[in-house]
Amino acid sequence: QVQLVESGGGLVQAGDSLRLSCAGSGRTFSEYAMTWFRQTPEQEREFVATAAWKGRPAYYADSVKGRFTISRDNAKNTVYLQMNNLRPEDTAIYYCAAGRPVLSALRTPSVYGFWGQGTQVNVSS
């Protein structure tokens, strides 16, 4: 079992930066792939980024590549999402998720068994 708690969201202007954190409980944190998703009322939950894990590199959605950086600190049971040069279209609720997806499924929300409650990010133009 893994319990996840996100933090770090807020209201910023376009071009600003935010760092989201996701703190996990449990001694098996390092055994899970950690991934950020986001969701708006108009769209289904979409993949944002997954941290490097068990020899796999980090992966990013094309829409955030070059602006967002994901990292994890297994000693602190925490995964981070550094978001730079934010845009209004980045406005969403951001969720972290833990799971053990195969490579071909890492962008699929349904394969993740553990989710945080989400943190709201609002980017004004």
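The structure contained in this document is the topic of the report that follows. (Residues numbered from 1 in each chain as written. Predicted model: local features only at pLDDT ≥ 70, side-chain atom pairs only at ≥ 80, totals over all residues. Heavy atoms only, no water.)

**Things to note about the overall build of the protein chain**
The helix and strand inventory of the protein chain stands at 0 helices and 11 strands. Reading the protein chain from its N terminus to its C terminus gives the helix and strand order β-β-β-β-β-β-β-β-β-β-β. In terms of overall dimensions, the protein chain is globule-like: its C-alpha atoms have a radius of gyration of 13 Å, near the 14 Å expected for 125 residues. With the C-alpha coordinates aligned to their principal axes, the bounding extent of the protein chain is approximately 40 × 30 × 25 Å. Burial analysis of the protein chain (125 residues in total) assigns 45% to the buried set. Partitioning the intrachain contacts of the protein chain with sequence separation of at least 6 by distance along the chain shows that 61% fall at a separation of at least 24. Taken as two groups, the 13 positive and 10 negative side-chain charges of the protein chain have centres that lie 9 Å from each other. (Helix = DSSP H or I, 4+ residues; strand = E, 2+ residues; numbered from the N terminus. Rg over C-alpha atoms; globule rule 2.2 N^0.38 Å. Buried < 20%, exposed > 50% of the residue type's maximum accessible area, 1.4 Å probe, protein only. Contact = heavy atoms within 4.5 Å. Lys, Arg positive; Asp, Glu negative; His and termini not counted. Charge placed at Lys NZ, Arg CZ, Asp CG, Glu CD.)

**Looking at the nonpolar core**
Within the largest apolar cluster, 34 residues are counted, with the highest numbers of intra-cluster contacts made by Trp36, Leu81, Met83 and Tyr94. Of the residues forming this core, the biggest block, 5 residues, is contributed by strand 9 (residues 92-99). In this structure, Tyr94 is in contact with Glu6, Leu20, Trp36, Phe37, Arg38, Val48, Phe68, Leu81, Met83, Gly118, Thr119 and Val121, ignoring residues within four places of it in sequence. (Core = buried A, V, L, I, M, F, W, Y, C linked by side-chain atoms within 4.5 Å.)

**A closer look at the packing of aromatic side chains**
As enumerated under the stated definition, the model contains 6 aromatic pairs in all. Measuring from ring centre to ring centre gives 6.4 Å for Tyr95 and Trp115, while their planes differ by 80 degrees; the resulting arrangement is edge-to-face. Of this pair, Tyr95 sits in strand 9 while Trp115 sits in strand 10 (residues 112-115), placing them 20 residues apart in sequence. On the basis of relative accessibility, which here comes to 26%, the residue Trp115 falls in the partly exposed class. (Phe/Tyr/Trp six-rings, centres within 6.5 Å; stacked < 30°, edge-to-face > 60°.)

**Examining the pairing of strand 8 (residues 78-83)**
Of all 6 residues in strand 8, 5 are buried; the element is thus mostly enclosed. Alignment of strand 7 (residues 68-73) against strand 8, held across 6 bridges, turns out to be antiparallel. Looking at the pairing, Asp73 lines up with Thr78 of strand 8. (Pairing = 2+ DSSP bridges.)

**Examining the pattern of salt bridges**
Scanning all chains against the criterion turns up 5 salt bridges. For Lys54, the salt bridge goes to Glu31, with nearest N and O atoms at 3.4 Å. Of this pair, Lys54 sits in the loop between strand 5 (46-50) and strand 6 (59-60) while Glu31 sits in the loop between strand 3 (18-24) and strand 4 (33-39), and the two are 23 residues apart along the sequence. The exposure class assigned to Glu31 is partly exposed, which follows from its relative accessible area of 34%. In this structure, Arg38 engages Glu46 in a salt bridge whose closest nitrogen and oxygen atoms are separated by 2.6 Å. Classification of Arg38 as buried rests on a relative accessible area of 6%. (Salt bridge = Lys/Arg side-chain N within 4 Å of Asp/Glu carboxyl O.)

**Side note on the environment of Asp90**
Among the secondary structure elements, Asp90 is positioned in the loop between strand 8 and strand 9. A relative accessible area of 1% places Asp90 in the buried class. When the C-alpha atoms of Asp90 and Asn74 are compared, they prove to be 27 Å apart, with 16 residues separating the residues in sequence. With residues up to four places along the chain from it excluded, the contact list for Asp90 reads Arg38, Arg67, Phe68, Val121 and Val123.

**So, the sheet that holds strand 1 (residues 4-7)**
In spatial order, the strands read 1-3-8-7; together these 4 strands make up an open sheet with antiparallel pairing. Two strands lie at the open edges of the sheet, namely strand 1 and strand 7, each paired on one side alone. The average angle at which neighbouring strand axes cross in this sheet is 15 degrees, direction not considered. With 4 bridges connecting them, strand 1 and strand 3 associate as antiparallel partners. Of the residues in strand 3, the one forming a bridge with Ser7 is Ser21. (Axes fitted to C-alpha atoms, helices over the stretch in contact; angles between N-to-C directions.)

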